[in-house]
Amino acid sequence: MAAAGGGWAAVCEKFRTARTLSAVESRKDPETEPYRSKYSARALLQEVKQLLSAAEEGGEARLLAVRRAVLEYELGVNHTDTEELSAGEEHLQRCTQLLEPHRLSPDCVSLYIQAQNNLGILWSERDEIKTAQTYLESAEALYNQYMKEDGNPPLDPSEHFMAEEDKLTDQERSKRFEKAYTHTLYYLAQVYQHLEMIEKAAQYCHTTLKRQLEYCGYYPVEWALNAATLSQYYLSKQCFMESRHCLAAASVIFSQAEQVPSAEDNETEQDQQDLRQRKAEIARCWIKYCLNLLQSARKLLEDNIGELDPDRQLELKAQRKKEEDEKEKGRKKAVLFGTSDICDSVLAMEEKVSSVYPLDFQEAREIFLVGQNYVQEAKEFFQVDGYVTDHIEIVQDHSALFKVLAFFEEDYERRCKMHKRRIDMLEPIYADLNPQYYLLISRQLQFELADTYYEMMDLKVAIGNRLEELDSHTIKKINSLAQLAIKYYELFLDSLRNPDKVFPEELEEDVLRPAMVAKFHIARLYGKLITSDSKKQLENMQTSLEYYTFLVDYCEKYPDAVRAIETELELSKEMVGLLPTRMERLRAKLCPFI
């Protein structure tokens, strides 16, 4: 055999050098020659391949076939890394063909799975997701079959070019094999995401994250971001306990990246900036968690006019006491991340915020305060100067937190103050925004400001109704709030006009409901304006009638619109029937003076 004795040691040395060039030296390659080390590694692998070919006659066929398969695998990965996908595919296919008869053997199974993984990645890069799925599911099935039929730690591919005394321990073999399988699950999670198999993608992502912690095979920042992203999936399913667990784990693991100095001494300002951004992104996921939990509780507790239903509140409190403990124990086992020390830190993090629906103001306030702290943390990075859209979205979430907290507040004056806080944070942002560049955000802010003033006006009317007689200050306040609400609704409606200032004859689906609600609210607001001047009152009623009529006429012309505004349409029809009679009565009173 040509590669026997000292010759074989030289072959192994070449192989090791090639792997070092690919894995380590390539990171230092200049931008002008980004693949210099990869090409050098390829040349060495080709030399090793030729030496093996020369040895074939006298060697053991199976052993040589497996060694050739290792080289084909390394060459396949090398060509894929240098963006030569066709050549990479050829080498990886040759690797699997050579291993096919022995793929379940301990000396072949890990290599075969890794080749399948890389073929899966390669086809994903070609946007052939179904083909990628086939390779990755095949790797998954092979792992499961091997663990069922054998289960012993298999050889790592690198061991086929190692001296006997350098071979890996069973513990190290197992760790590397499990890492290869974790990669299979990680890529499958992405494939299922692409194929919009969202539930399956989340399941595989969760398993991947658990395994990465178990086998210590993760980068803290990347792991934390993936866990935070997974939390948002659980949030969409209203699985608040699972969502909180993912976020708590994300925060704990991210803190590792903040504590450990960079492996590179020359960590740049950009690296620090990236770290700050990722931390702010995790904070934004926490904000969404707190907001969603509060909003979901509101939906459970509100009556048919959007107020807190006390009977429902008592019923839910009794039900919660009964179910809480058993429910949490059963579900917790399925989602826990990490070893005991990580678990302790995660559990301590979880204790800072509830995962059950808040059922009164005190419980809601605790969740609100956690959300508000994360708002400040996120705003530290996403400042308006440089991150306009992100900053405004965070402020909108902050406003939404106040809005949902106000629902739990029984005192109308305090509710009004919470809505005033929303106005104070939203108006300055709107004033500085150029609608030419930020039309969609501008519309969102116009509508939210209008809605907030509208809600404050309603609250002031409710406060006024408790008084024996409305004083001039309360009247002035109600009128001022109503006029501000009208102003912002009109600004929103004006933004829908074309360049010639003409309102669209038929509204686009995405603005249909907001536009109709704006028209309906303006109609109602004109009806709420308080004046002792009967002529002015008649004008307000006429304006109100015009807006109600717009809704009725529009839905007659475009019947498909009815579904979007059924309640508003019903009330508008009622008002279109009632208002003319009221106006006639008022005119009759005015008659002698006109």
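Before reading further, recall that the structure is shown in the block above.
Residues numbered from 1 in each chain as written. Predicted model: local features only at pLDDT ≥ 70, side-chain atom pairs only at ≥ 80, totals over all residues. Heavy atoms only, no water.

A.B. asks: I'm lost on the nonpolar core in this one. Help?
C.D. replies: In this structure, Phe161, Trp286, Tyr289, Tyr489 and Leu507 are the most contacted members of the largest nonpolar core, which totals 179 residues. Per element, the largest residue contribution to this core is 14 residues, and it comes from helix 11 (residues 269-301). (Core = buried A, V, L, I, M, F, W, Y, C linked by side-chain atoms within 4.5 Å. Buried < 20%, exposed > 50% of the residue type's maximum accessible area, 1.4 Å probe, protein only. Helix = DSSP H or I, 4+ residues; strand = E, 2+ residues; numbered from the N terminus.)

A.B. asks: Whenever I open this one, a negative patch on the surface confuses me. Can you help?
C.D. replies: On the surface, a cluster of negative charge is contributed by Glu506, Glu508, Glu509, Asp510 and Asp560. For Glu508, the location among the structural elements is in the loop between helix 18 (472-494) and helix 19 (509-528). We classify Glu508 as exposed; its relative accessible area is 56%. (Patch = residues over 30% accessible without salt bridge, like charges linked within 9 Å, V, L, I, M, F, W, Y side chains within 5 Å. Areas by Shrake-Rupley, 256 points an atom, 1.4 Å probe, with all protein chains shown as cover. Salt bridge = Lys/Arg side-chain N within 4 Å of Asp/Glu carboxyl O. Lys, Arg positive; Asp, Glu negative; His and termini not counted. Charge placed at Lys NZ, Arg CZ, Asp CG, Glu CD.)

A.B. asks: Can you walk me through the pattern of salt bridges in this structure?
C.D. replies: If you walk through the whole model with that rule in mind, you get 39 salt bridges. For Lys14, the salt bridge identified is with Glu47, shortest N-O distance 2.8 Å. Residue Lys14 is located in helix 1 (residues 6-23), and its partner Glu47 is located in helix 2 (residues 36-55); the two are separated by 33 residues in the primary sequence. The class of Glu47 is partly exposed, set by a relative accessible area of 34%. Linking Arg278 and Glu281 is a salt bridge whose minimum nitrogen-to-oxygen distance equals 3.2 Å. Taken together, the positions of Arg278 and Glu281, both in helix 11 and three residues apart, correspond to about one turn of that helix. Using a relative accessible area of 27% as the deciding quantity, one classes Arg278 as partly exposed. The class of Glu281 is partly exposed, set by a relative accessible area of 22%.

A.B. asks: When you look at the layout of surface pockets in this model, what are you seeing that I'm missing?
C.D. replies: In this approach the atoms are scanned with a rolling probe the size of a water molecule, which exposes any empty space left behind. Here the largest pocket defines a volume of roughly 1,600 Å³. Around the largest pocket, the lining comprises 38 residues; the ones closest to its centre are Tyr73, Gln114, Lys179, His183 and Tyr187. Every element with two or more residues in the lining of the largest pocket is listed here: helix 1, helix 3 (61-81), helix 5 (109-125), helix 7 (170-194), helix 8 (198-214) and helix 9 (220-236). Sorting elements by how many residues they give to the lining of the largest pocket places helix 7 first, with nine residues. Looking at the lining of the largest pocket residue by residue, the classes come out as 14 nonpolar, twelve polar and twelve charged. Taken together, 36 residues make up the lining of the second largest pocket; nearest its centre are Arg298, Asp451, Tyr454, Glu455 and His521. Of all elements in the fold, only helix 15 (388-408), helix 16 (412-432), helix 17 (439-465), helix 19 and helix 21 (566-590) reach the threshold of two or more residues within the lining of the second largest pocket. By residue number, the principal contributor to the lining of the second largest pocket is helix 17, which donates eleven residues. Residue classes in the lining of the second largest pocket are distributed as 15 nonpolar, six polar and 15 charged. (1 Å grid on protein atoms, 1.4 Å probe; cavity = no way out; pocket = protein on both sides within 12 Å on 5 of 7 lines; lining within 4 Å. Points joined across faces, edges and corners; volume = space filled by probe spheres on them. Nonpolar A, V, L, I, M, F, W, Y, C, P; charged D, E, K, R; others polar.)

A.B. asks: What's the story with the packing of aromatic side chains in this structure? I'm lost.
C.D. replies: Centre distance and the angle of the planes are the two values used to describe a pair of aromatic rings. Taken as a whole and assessed by the stated rule, the structure comprises 29 aromatic pairs. Judged by centre distance (5.1 Å) and plane angle (65°), the rings of Tyr192 and Tyr204 are edge-to-face. You can see Tyr192 sitting in helix 7 and its partner Tyr204 sitting in helix 8, a full twelve residues away along the chain. Taking relative accessible area as the criterion, Tyr204 reaches 9% and is therefore assigned buried. Here the aromatic residues Phe240, Trp286, Tyr289, Tyr357 and Tyr374 are joined through ring pairs into a cluster of three or more. Over the face of the ring belonging to Phe382 we find Arg284, whose NZ or CZ atom lies 5.3 Å from the ring centre. Arg466 extends its terminal NZ or CZ atom over the ring of Tyr412, reaching a point 4.4 Å from the ring centre. (Phe/Tyr/Trp six-rings, centres within 6.5 Å; stacked < 30°, edge-to-face > 60°. Lys NZ or Arg CZ within 6 Å of the ring centre and 35° of its normal.)

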